[in-house]
Amino acid sequence: MVNVVAPVQPDPGADPAEDFDDPAAGTAPHTLRIVNATPPIDLPGAERAVRALLIALGQDPEAEHLRQTPRRVAGAYAELLTPRDFDLTTFANDENYDQLVLACGIPFQSLCEHHLLPFHGVAHVGYLPDQRIVGLSKLARVLERFARGLQVQERLTQQVADCLQAHLHPKGVGVVLEAEHQCMSLRGVRAHGSRTLTSALHGHLRIDPAARQEFFALTRDR
Ligand code: ZN
């Protein structure tokens, strides 16, 4: 079973590019320090809340095997919700490379904001270079930066595309996310193995049918 949600429209409420300045012109490498701008996590408060949740769920938080659970759960969520700082360095496109750059099958995980359950899968992230290029590993870092938070897959897809568009100013950006949501596979409809596909496109990859077709052909069977 495959749910297709494509293409995704921009979320007017999201401001994913807030950490990014205009890209530097010229030939020198340009680095932006991408820092975590989310509020700090109140670990003791989270532990108390998990303990209260255990009690509400009819569990005994003093039972031997549950005694450390509030601490572990709070720590796990803190890790999943804290983006890691990183440097996003772009370089002048000295070779005037003008074909698609595509990183395929990047694994990712995030947390569904509706159920606080994980969704995980792979991403295909590509761009058509203009003046600047970026290291391939940074495409994965941009994805991870937005995946570490409470998310819906549609918004995560759009944020990655918007971020690359805002910082790289490429001729086009394409992002495809393919994920299994545990809130769908473990509970509710129990649609185990179902995948949700989302895509977000900018520039030529959005408006040029041939470029768009090439992008989806390259990402389709991966
Ligand atoms: Zn969910």
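What you see is a predicted model; the values in this text were computed from it and never measured.

Visitor: Is there a simple way to think about the confidence of the model for the protein chain in this case?
Guide: Interpretation of the predicted coordinates at a detailed level should be avoided for regions scoring low in pLDDT. Mean pLDDT over the protein chain stands at 87; residues scoring 70 or higher make up 88%. Here strand 1 (residues 2-5) stands out as the element of the protein chain with the lowest mean pLDDT, 32, in contrast to helix 1 (residues 43-56), whose mean of 98 is the highest.

Visitor: Would you explain the nonpolar core in this entry?
Guide: For soluble globular proteins, nonpolar side chains are generally found buried alongside one another. Of all hydrophobic cores here, the largest spans 31 residues; its most connected members are Phe108, Val125, Val142, Leu143, Leu156, Val160 and Leu164. Only strand 2 (30-34), strand 3 (86-92), strand 4 (101-112), strand 5 (118-128), helix 3 (136-147), helix 4 (153-168) and strand 8 (172-181) provide two or more residues apiece to this core. With six residues, helix 4 is the single largest residue contributor to this core. Excluding residues within four positions of it along the chain, Val160 makes contact with Val125, Val142, Leu143, Phe146 and Val175. By size, the runner-up hydrophobic cluster in this structure holds seven residues, among which are Leu100, Leu128, Ala211 and Phe215.

Visitor: Before we go on, may I ask you to explain the coordination of the zinc ion in this structure?
Guide: Tetrahedral metal sites with four donors have an ideal angle of 109.5 degrees; octahedral sites with six donors have ideal angles of 90 or 180 degrees. At the metal site, the zinc ion is ligated by Cys112 (SG), His115 (ND1) and Cys183 (SG), and these contacts range over 2.1 to 2.2 Å. Here the donor residues for the zinc ion map to a single chain with the spacing C-x2-H-x67-C. Of the two residues, His115 sits in the loop between strand 4 and strand 5 while Cys183 sits in helix 5 (residues 182-185), which places them 68 residues apart along the sequence. A relative accessible area of 34% places His115 in the partly exposed class. Cys183 sits in the buried class, given a relative accessible area of 10%.

Visitor: What is the right way to read the packing of aromatic side chains from this model?
Guide: All chains considered together, the criterion is met by two aromatic pairs. Here Phe108 and Phe119 contribute two aromatic rings whose centre-to-centre distance is 6.3 Å and whose plane-to-plane angle is 80°, an arrangement assigned as edge-to-face. Here the residue Phe108 occupies a position in strand 4, and Phe119 occupies one in strand 5, the gap between them amounting to eleven residues. Each member of the pair, Phe108 as well as Phe119, carries the same accessibility label: buried. Geometrically, the ring pair formed by Phe215 and Phe216 is edge-to-face, given 5.4 Å between the ring centres and 65° between the ring planes. The aromatic ring of Phe146 is capped on one face by Arg145, whose charged end is 4.6 Å from the ring centroid.

Visitor: Would you take a moment to explain the environment of Arg195 for this structure?
Guide: Tracing the backbone shows Arg195 in strand 9 (residues 195-203). Taking the C-alpha atoms as reference points, Arg195 and Glu180, 15 residues apart in sequence, are found 4.8 Å from one another. In terms of polar contacts, Arg195 uses its side chain to reach the side chain of Glu178, at 2.2 Å.

What counts, and where the lines are drawn
Residues numbered from 1 in each chain as written. Predicted model: local features only at pLDDT ≥ 70, side-chain atom pairs only at ≥ 80, totals over all residues. Heavy atoms only, no water. pLDDT = per-residue confidence, 0-100. Helix = DSSP H or I, 4+ residues; strand = E, 2+ residues; numbered from the N terminus. Core = buried A, V, L, I, M, F, W, Y, C linked by side-chain atoms within 4.5 Å. Buried < 20%, exposed > 50% of the residue type's maximum accessible area, 1.4 Å probe, protein only. Contact = heavy atoms within 4.5 Å. Donors = N, O, S within 2.8 Å, 3.2 Å for Na, K, Ca; no water. Phe/Tyr/Trp six-rings, centres within 6.5 Å; stacked < 30°, edge-to-face > 60°. Lys NZ or Arg CZ within 6 Å of the ring centre and 35° of its normal. Polar contact = N/O pair within 3.5 Å; in protein donor to acceptor, adjacent residues only side chain to side chain.

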